[in-house]
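# Structural overview
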Amino acid sequence: QVQLVESGGGLVQSGGSLRLSCAASGFTLDYYGIGWFRQAPGKEREGVSCISSSTGRTYYADSVKGRFTISRDNAKNTVYLQMNSLKPEDTAVYYCATAYRIPDGRTWSRKDEYDYWGQGTQVTVSS
């Protein structure tokens, strides 16, 4: 099975930046998409971004477009989420997940499309 470990979270002031990492290990050859989700207390887990493992095509939630960038390093089996111009509403636990289906514009943000999840990393943005 796939194991995912997120890192890079922390406390940052509004307008600051963080880079999250998701390192994958195990049987990783069969997944086709890697997504970032986030969940704030009392709220539903929502899709933030996704990248295709094969083509590199990316998807973003409207709330983060222009501020966040997803990227990959296939040699290191790692996906990154660069977060700039952070806002207090970005505060959440951020999770990465892998999917055994090729992501598209309709499905990339659906939680049930993903098979393995990391434990999450806390991102807190202060005013």
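See the structure shown above.
Residues numbered from 1 in each chain as written. Predicted model: local features only at pLDDT ≥ 70, side-chain atom pairs only at ≥ 80, totals over all residues. Heavy atoms only, no water.

## Quick word on unusual backbone geometry
The following threshold applies: Only DSSP runs of H or I covering at least 4 residues are called helices, and only runs of E covering at least 2 are called strands; the numbering of each starts at the N terminus. The classification of residues rests on relative accessible area computed with a 1.4 Å probe and restricted to protein chains. Under 20% of the type maximum is buried, over 50% is exposed, and intermediate values are partly exposed.
Its identity is not glycine, yet Asn77 carries a phi of approximately 55°, on the positive side. Secondary-structure assignment places Asn77 in the loop between β7 (68-73) and β8 (78-83). Note on Asn77: relative accessible area 23%, which makes it partly exposed. A positive phi is found at Ser85, a non-glycine position, where the angle reads about 50°. Secondary-structure assignment places Ser85 in the loop between β8 and β9 (92-99). Judged by its relative accessible area of 42%, Ser85 falls in the partly exposed class.

## Things to note about the pairing of β7
To keep things clear, this is the line we draw: A pair of strands is labelled paired if DSSP reports no fewer than 2 bridges between them.
Where β7 and β8 come together, six bridges link them in antiparallel fashion. Looking at the pairing, Thr69 lines up with Gln82 of β8. Linking two consecutive strands that pair antiparallel, namely β7 and β8, is a turn of four residues; a positive phi of about 55° is found at Asn77 within it.

## Section: the state of the cysteines
Condition: By convention in this document, the label disulfide applies to cysteine sulfur atom pairs within 2.5 Å.
In the structure shown here, the tally under the stated rule is one disulfide. Here Cys22 connects covalently by a disulfide to Cys96, the sulfurs 2.0 Å from one another. Taking the sign of the S-S torsion, about 65° here, the bridge from Cys22 to Cys96 comes out right-handed. With a gap of 74 residues between them, Cys22 in strand β3 (residues 18-26) and Cys96 in strand β9 connect regions that are remote in the sequence. Across this residue pair, the class does not change: Cys22 and Cys96 are buried.

## Details of the packing of aromatic side chains
For clarity, the threshold we go by: The criterion for an aromatic pair is that two Phe, Tyr or Trp rings (for Trp, the six-membered ring) have centres within 6.5 Å, with stacked assigned to planes under 30 degrees apart, edge-to-face to planes over 60 apart and tilted to the rest.
Scanning the model with the defined rule gives five aromatic pairs in all. Ring geometry for Tyr59 against Trp108: centres 6.3 Å apart, planes inclined by 15°, an arrangement best described as stacked. Of this pair, Tyr59 sits in strand β6 (residues 58-60) while Trp108 sits in the loop between β9 and β10 (116-117), placing them 49 residues apart in sequence. Classification of Tyr59 by relative accessible area gives buried; the value is 12%. An aromatic cluster of three or more residues is present, and its members are Phe37, Tyr114 and Trp117.

## Points about the environment of Lys43
The topology assignment puts Lys43 in the loop between β4 (33-39) and β5 (46-52). For Lys43, a relative accessible area of 57% puts it in the exposed group. For the pair Lys43 and Ala92, spaced 49 residues apart in sequence, the C-alpha to C-alpha distance is 9.5 Å.

## A short note on the sheet that holds β7
Selection criterion: All axes here are fitted lines through C-alpha atoms, helices being fitted over the stretch that makes contact, and every angle between N-to-C directions spans 0 to 180 degrees.
One open sheet accounts for four strands, arranged β1-β3-β8-β7; its pairing is antiparallel. Of all strands in the sheet, those bounded by a partner on one side alone are β1 (2-7) and β7. When the angles between neighbouring strand axes are averaged without regard to direction, this sheet yields 15°. Judged from the six bridges that link them, β3 and β8 form a sheet pairing that is antiparallel. The residue bridging Ala23 from the neighbouring strand is Thr78, located in β8.

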